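Residues per chain, in single letters:
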Amino acid sequence: MMTELGPIICVVGARPNFMKMAPILRAMAAHTPPLPVLLVHTGQHYDKDMSDRLFEDLRLPRPDVNLEVGSATHAVQTAEVMRRFEPILDAHKPSCVVVVGDVNSTLACSLVAVKKGVPVAHIEAGLRSYDRAMPEEINRILTDQISDRLYLTERTAQDNLAREGIPAERVSFVGNVMIDSVVFGRANAPKAQSTLQAHKVDPKFLDHPAGYGVVTLHRPSNVDDADTLRALLGVLSEVAADLPLVFALHPRTRSNIDRFGLSDLIDPARMVMLPPQGYLDMLGLMAGATVVLTDSGGLQEETTALGVPCLTLRENTERPITVEQGTNILVGRDRSAILAAMQDILGGRGKRGRVPEFWDGRAAERIAADMHAWLTSLPFVSR
Ligand code: UD1
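How each quantity is defined
Every chain is numbered on its own, with residues counted from 1 as its sequence reads. Only residues with pLDDT of 70 or above have their local features reported here, since the model is predicted, and side-chain atom pairs are shown and tallied only from 80 upward, although totals for entire chains, interfaces and linings are computed over all residues. By convention in this description, side-chain values take in all heavy atoms of the structure and omit both hydrogens and water. Segment limits for the domains were obtained from an automatic or database-derived domain assignment. Whether two residues are in contact is decided by their heavy atoms: any pair within 4.5 Å suffices. Buried surface area refers to the total accessible area, computed with a probe of radius 1.4 Å, that the two partners give up upon joining, counted for both partners together. Salt bridges are defined by distance alone: a side-chain nitrogen of Lys or Arg within 4 Å of a carboxyl oxygen of Asp or Glu. Polar contact criterion, stated in full: a pair of N or O atoms within 3.5 Å, where within protein one must be able to donate a hydrogen and the other to accept it, and residues adjacent in sequence count only if both atoms are side-chain atoms. A run of DSSP states H or I qualifies as a helix once it reaches four residues; a run of E qualifies as a strand once it reaches two. Both are numbered from the N-terminal end. In this text, near means that some heavy atom of the residue lies within 4 Å of the molecule or strand in question. Here the accessible surface of atoms and residues is derived via Shrake-Rupley with a 1.4 Å probe, and residues count as covered only by protein chains that are part of the display. Polar here means any residue other than Ala, Val, Leu, Ile, Met, Phe, Trp, Tyr, Cys and Pro, which are nonpolar, and Asp, Glu, Lys and Arg, which are charged; Gly is therefore polar. Throughout, exposure labels follow a simple rule: accessible area from a 1.4 Å probe, protein chains only, divided by the maximum for the residue type, with under 20% read as buried, over 50% as exposed, and the rest as partly exposed.

Draft legend 1. Seen up close, the domain arrangement of the protein. Examined at the domain level, the protein breaks down into domain 1 (8-175 + 359-381) and domain 2 (190-349). One C-alpha centre belongs to domain 1, the other to domain 2, and the line joining them spans 28 Å. At the junction of the two partners, domain 1 supplies 20 residues and domain 2 supplies 20 residues. Counting the surface domain 1 buries against domain 2, the share from its top three residues, Asp57, Glu154 and Trp359, is 29%. The salt bridge partner of Arg219 is Glu136, with a shortest N-O separation of 2.9 Å. Joining domain 1 to domain 2, the criterion identifies 7 residue pairs in polar contact (both at pLDDT 80 or more). Those elements that provide at least two residues to the side of domain 1 that touches domain 2 are helix H1 (15-30), helix H2 (48-57) and helix H5 (135-146).

Spelled out as structure tokens, the structure:
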């Protein structure tokens, strides 16, 4: 039966893809019958911190194919993924291509597949920030338009898709695979103290009556402009006066801090700078934190699942359920909003939320079941 299916080509490219794909691969292997998979890494992220370490932590198998595209402008990176992905489809005759999230590799591989008549399934479909200055928003809109099967993490995404004319029959609300990885990794996540020690930072840094905060920043809108980044680091220094902060620094942000000469804004007695963290270390850092300050999409969801207050340093979010039901507050780059929210958190009045529907660790199982039913219903698939 399913053994006659061509492989399901599962695509990962950049860091936020890995924690979404890992549970899907496990669920496909555990499905009856097992679903045949070919894992393709585009190489959009390539170094140890941004890629290999996460593969280990998430127990992702080695990719069957690595396209090794590396970093470049959006156009060059997207074009290069497309150019290198096409022969993979020719060689393997897949039954479908599965893409996750909203990075350049997501769009590039969907576009190649759809033009060759290969069905596309998009996981984490329908999220919208309604901010087209975000490269991810363009990737989300276009990928959804050309996908054949769309899996949702939250029900409001259905309204976004309906507005864009995507028929409801293509859409399935399955929950959040990102949280499958949180559930999977939680028990093995090290304590923040040991993560600091591993980076030769005295773990006493965390011995503060108010605990500690975790910071990540990497959105081009926050870190690519010198004045914006300077102002943000200034507010974070004020936050650090009351609460020690642990930064996990994205390479883009680290290089911009150096390039703009902003390292003087970082007081090492109050702010610890770490390289990008592995999945489990990051989970451990977040789980023990008093607050997370971030512009990441994934961290907004993970903090909601962990019940840790999150201040999102953006004006909008494509994940509104984290604000409506979870622990997330949008504070933008507004100094007074950030400091007021911090006062609430340090005063024990931090936002408490609940874990949204189907953020239960079993989203990938629902995807595998739906995918099997969907693929076997397609007219051209031999059964
Ligand atoms: C990409 C995604 C973004 C995601 C983010 C997570 C797009 C449009 N953006 O942005 O949605 O939130 O990943 O990290 O797809 N670099 C390294 N090592 C690496 C990869 C990158 O040092 O393994 C450096 C390079 O200098 C590169 C810079 O980081 O130029 C930015 O990487 P890039 O993949 O272009 O974008 P991200 O900002 O990481």
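Draft legend 2. Structural view of the site of the ligand. Taken together, 18 residues surround the ligand, and among them Gln44, Asp47, Glu136, His218 and Arg252 come closest. Residue Tyr46 places a main-chain N or O atom 2.8 Å away from an oxygen atom belonging to the ligand. At 2.8 Å, a side-chain N or O of Asp47 approaches a nitrogen atom of the ligand. With the chains in place, 83% of the 740 Å² that the ligand exposes on its own is no longer accessible. For the shell around the ligand, the elements supplying multiple residues, two or more each, are H1, H5 and helix H11 (251-259). Class assignment of the residues belonging to the shell around the ligand gives a composition of 6 nonpolar, 7 polar and 5 charged. Each of domain 1 (8-175 + 359-381) and domain 2 (190-349) accounts for three or more of the residues forming the shell around the ligand.

Draft legend 3. Structural context of unusual backbone geometry. Thr32 connects to Pro33 through a cis peptide bond whose omega is -5 degrees. Within the secondary structure, Pro33 sits in the loop between H1 and strand S2 (37-41). Despite not being glycine, Arg59 shows a phi value in the positive range, around 55 degrees. Positionally, Arg59 belongs in the loop between H2 and strand S3 (65-66). Note on Arg59: relative accessible area 55%, which makes it exposed.

Draft legend 4. Examining helix H7 (residues 177-185) more closely. Taking burial as the measure, the 9 residues of H7 include 7 buried ones, the bulk of the element. What H7 keeps buried is the set Val177, Met178, Ile179, Asp180, Ser181, Val182 and Gly185. Where H7 is buried, its residues meet H1, strand S5 (120-123), helix H12 (279-287), helix H13 (297-306) and helix H16 (363-377). Taking the backbone nitrogen of Met178 as reference, a side-chain oxygen 2.9 Å away marks Asn176 as the first, capping residue of H7.

Draft legend 5. Representation of H13. Counting buried positions along H13 yields 9 of 10 residues, so the element is predominantly enclosed. For H13, the complete set of buried residues consists of Gly297, Gly298, Leu299, Gln300, Glu301, Glu302, Thr303, Thr304 and Leu306. Trailing H13 by a residue or two, Gly307 shows a phi angle of about 75 degrees, which is positive.

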